[in-house]
Amino acid sequence: MAPDPTRVAVVGAGAVGLSVATVLARRGVEVTLYDRGDPGSGSTGRAAGLCYDAYVERTDARLAARSLERFRELDVLTERPYVWVARDGDDHAVAAIREHAGRMADRGRDVSIVDPAELADRLPALETDHLAVGAIAENAGYVDTDAFVAAMVDRARSAGVTLRTDCLVSLQADGELVTPDCSTSPDSIVLAAGPQTRTLAASAGHSLALGTYRAQALVTEGIAAAPPIFYDASERFYLRPADDGVLVGDGAHPYEGDPDEYDRTTDSTFLSDSLARLERTLGQSAAISRSWAGLCTATPDRDPLVGRCGPGLFVATGWHGHGFMRAPAVGERLAKQVLGGEGITHWDPTRFDGDEPVDLPAGIVD
Ligand SMILES: Cc1cc2nc3c(=O)[nH]c(=O)nc-3n(C[C@H](O)[C@H](O)[C@H](O)COP(=O)(O)OP(=O)(O)OC[C@H]3O[C@@H](n4cnc5c(N)ncnc54)[C@H](O)[C@@H]3O)c2cc1C
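Now for a quick tour of the structure. Because the structure is predicted, anything quoted here is derived from the model rather than measured. (Residues numbered from 1 in each chain as written. Predicted model: local features only at pLDDT ≥ 70, side-chain atom pairs only at ≥ 80, totals over all residues. Heavy atoms only, no water.)

Before going further, it helps to spend a moment on the overall build of the protein. Along the backbone of the protein there are eight helices and 21 strands. Compactness check: the protein gives a C-alpha radius of gyration of 20 Å against a globular reference of 21 Å for 366 residues, within 12% of the reference. Once the C-alpha set of the protein is aligned to its principal axes, its extents read approximately 60 × 40 × 40 Å. A burial count over the protein gives 56% of its 366 residues as buried. The long-range share in the protein, meaning contacts at least 24 apart out of those at least 6 apart in sequence, stands at 73%. Surface accessibility of the protein: about 15,300 Å² in total, with carbon and sulfur atoms responsible for 45%. Between the centroid of the 34 positive side chains of the protein and the centroid of its 55 negative side chains there is a distance of 5 Å. (Helix = DSSP H or I, 4+ residues; strand = E, 2+ residues; numbered from the N terminus. Rg over C-alpha atoms; globule rule 2.2 N^0.38 Å. Buried < 20%, exposed > 50% of the residue type's maximum accessible area, 1.4 Å probe, protein only. Contact = heavy atoms within 4.5 Å. Areas by Shrake-Rupley, 256 points an atom, 1.4 Å probe, with all protein chains shown as cover. Lys, Arg positive; Asp, Glu negative; His and termini not counted. Charge placed at Lys NZ, Arg CZ, Asp CG, Glu CD.)

As a structural note, the neighbourhood of the ligand is formed by 34 residues, with Asp-35, Ser-43, Thr-44, Leu-50 and Met-325 the closest of them. Separating an oxygen atom of the ligand from a backbone N or O atom of Ala-15 is a distance of 3.2 Å. Taking Gly-49, its main chain carries an N or O atom lying 3.2 Å from an oxygen atom of the ligand. Elements that contribute at least two residues to the shell around the ligand include exactly helix 1 (15-26), strand 19 (288-298) and helix 8 (323-338). Here the shell around the ligand gets three residues from one element, more than from any other, and that element is helix 8. Looking at side-chain class alone, the shell around the ligand contains 18 nonpolar, 13 polar and three charged residues. Residues lining the shell around the ligand come from more than one domain, with at least three contributed by each of domain 1 (7-46 + 145-209 + 301-351) and domain 2 (81-138 + 211-298). (Near = heavy atom within 4 Å. Polar contact = N/O pair within 3.5 Å; in protein donor to acceptor, adjacent residues only side chain to side chain. Nonpolar A, V, L, I, M, F, W, Y, C, P; charged D, E, K, R; others polar. Domains from an automatic or database assignment.)

Another point: a negative patch on the surface. A cluster of acidic side chains, namely Asp-144, Asp-146, Glu-221, Asp-243 and Asp-244, defines a negative patch on the protein surface. Take Glu-221: its relative accessible area is 41%, and that puts it in the partly exposed class. (Patch = residues over 30% accessible without salt bridge, like charges linked within 9 Å, V, L, I, M, F, W, Y side chains within 5 Å. Salt bridge = Lys/Arg side-chain N within 4 Å of Asp/Glu carboxyl O.)

So, about the pattern of salt bridges. Going through the model one piece at a time under the given rule, you end up with 16 salt bridges. Between Asp-60 and Arg-326 there is a salt bridge; the shortest N-O distance is 2.5 Å. Taken as a pair, Asp-60 in helix 2 (residues 58-74) and Arg-326 in helix 8 lie far apart in primary sequence, 266 residues in all. An identical accessibility class is assigned to Asp-60 and Arg-326; each is buried. Its salt-bridge partner being Arg-70, residue Glu-73 comes within 2.4 Å of it at the nearest N-O pair.

Another point: the packing of aromatic side chains. With the rule as written, the count across this model stands at nine aromatic pairs. Here the aromatic rings of Phe-71 and Phe-324 are separated by 5.3 Å at their centres, their planes lie at 15 degrees, and the arrangement is stacked. Of this pair, Phe-71 sits in helix 2 while Phe-324 sits in helix 8, and the two are 253 residues apart along the sequence. With relative accessibility at 9%, the residue Phe-324 sits in the buried group. Seen from their ring centres, Phe-230 and Phe-237 are 6.1 Å apart, and the 50 degrees between their planes marks the pair as tilted. Judged by relative accessible area, Phe-237 falls into the buried class, the value being 0%. One aromatic cluster in this structure is built from Tyr-52, Tyr-55, Tyr-82 and Trp-84. (Phe/Tyr/Trp six-rings, centres within 6.5 Å; stacked < 30°, edge-to-face > 60°.)

So, about the pairing of strand 15 (residues 229-232). Taking every second residue as pointing to the same face, both faces of strand 15 are buried, with Ile-229 and Tyr-231 on one and Phe-230 and Asp-232 on the other. Bridge count between strand 5 (residues 82-87) and strand 15: four bridges; the pairing is parallel. Pairing of Trp-84 across the sheet is with Tyr-231, part of strand 15. Pairing between strand 15 and strand 16 (residues 237-242): three bridges, direction antiparallel. Note on strand 16: the bridge partner recorded for Phe-230 is Leu-239. Linkage of strand 15 to strand 16, two consecutive antiparallel strands, is achieved through a turn of four residues, within which Arg-236 is found at a positive phi near 60 degrees. (Pairing = 2+ DSSP bridges.)

Located in the positive-phi region is Arg-302, a residue other than glycine, with phi close to 70 degrees. Mapped onto the secondary structure, Arg-302 falls in the loop between strand 19 and strand 20 (305-310). Here the phi dihedral of His-320 falls at roughly 50 degrees; this positive angle occurs in a residue that is not glycine. By the secondary structure assignment, His-320 is in the loop between strand 21 (313-317) and helix 8.

Next up on the list: the nonpolar core. If you look at the biggest cluster of nonpolar residues, it comprises 79 residues, and the most contacted ones within it are Leu-24, Trp-84 and Phe-148. Shared between two domains, this core takes at least three residues from each, and those domains are domain 1 (7-46 + 145-209 + 301-351) and domain 2 (81-138 + 211-298). Those residues within four positions of Leu-24 in sequence are excluded, and the remaining contacts are Val-8, Val-29, Val-31, Ala-335, Val-338 and Leu-339. In this structure, Val-11, Ile-189, Ala-193 and Leu-200 belong to the second largest nonpolar core, which totals 21 residues. (Core = buried A, V, L, I, M, F, W, Y, C linked by side-chain atoms within 4.5 Å.)

The terminal C-alpha atoms of helix 1, which comprises twelve residues, lie 17 Å apart, in line with the 16 Å expected from a rise of 1.5 Å per residue. Counted residue by residue, helix 1 has eleven buried out of twelve residues, so it is predominantly covered. Buried within helix 1 we find Ala-15, Val-16, Gly-17, Leu-18, Ser-19, Val-20, Ala-21, Thr-22, Val-23, Leu-24 and Ala-25. Looking at the buried positions of helix 1, the neighbouring elements they touch are strand 1 (7-11), strand 2 (30-34), helix 5 (145-159), strand 13 (188-191), strand 21 and helix 8. (Expected span 1.5 Å × (residues − 1).)

Below, the structure written as structure tokens:
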């Protein structure tokens, strides 16, 4: 077995890179964390910050539950149940909610299936007239992603991580890491660079089966009644409280171009659809105060690519819009693997050759 690495470079100071770098540094590793911009300037700073442990798969549920604990420790989580619903006539979504919520509950998650009358009772802000069924996950909340990044930068620095911002990294075929002012060959490199992970890994000779899609969000001015954290599986949008207004987001918009060139603004259809959805869901209208788009990563089987893809080279990407809520625990697991422990077998990035097609996800939640 190779000796533990003493020098590790982590590329990407998003939620995942900050998490893995901090854990490694706390274990005594000399860690340099690089970002081409500021920490959180990738998808992390554009995320809605929804967090819950309502997953069907055991690994996801455990990592999400562990991450919720970490968010609580950092004091950045606003606790709020997560509610997801299907509308009348959408038999597919109704069946999926019943099946998935049932399996989550069987696995020990605090999740229950609720009918519209119970939903109306429990969440008076919701318009429940055309809802067929809902599910509620109690272990949930939302995080201000800027607050998380600020807290993690503090922790990373106190753990001894050297943070290099505004520092674009490239990799050579021999695994050497190159920055504008130096080149270095650390014992291990962790690529947590979001969509750019694919290009970086390719430079070192590793092909990743990774696709991208755009996701959009907006925040409104203040509204009268605070909403729950809510996902509409029939219409495929979500919302949550944001200050005294509402954050509304939707799912996948195909994007196959250069990850650096995607459109960071929202389209007019998204804005008008979101206001109509808000009206239908909460019976309230509100003015938009800001909106944005971000890039998400996807894989052929919808599981992320996390782990070793070659000697001394590790990757963490492919989150299907769920990377933020699992990041702290993924950071712990990946750090363990970098230090010689076992990885998450079914997230092994080498399970694909790298040329498989990546279908775009149909929505935020299955
Ligand atoms: C609108 C929207 C809403 C979302 N909502 C949620 C949500 O509610 N919950 C959830 O769990 N997830 C959500 N997501 C997904 C979430 O944002 C991502 O899964 C998560 O932030 C991924 O974190 P990361 O650290 O892997 O990547 P990123 O945050 O993208 O970090 C990668 C970093 O790498 C840096 N980088 C890239 N290339 C280089 C290079 N060559 N050299 C140096 N640095 C480099 C970038 O600058 C960036 O800072 C949402 C995404 C969007 C777009």
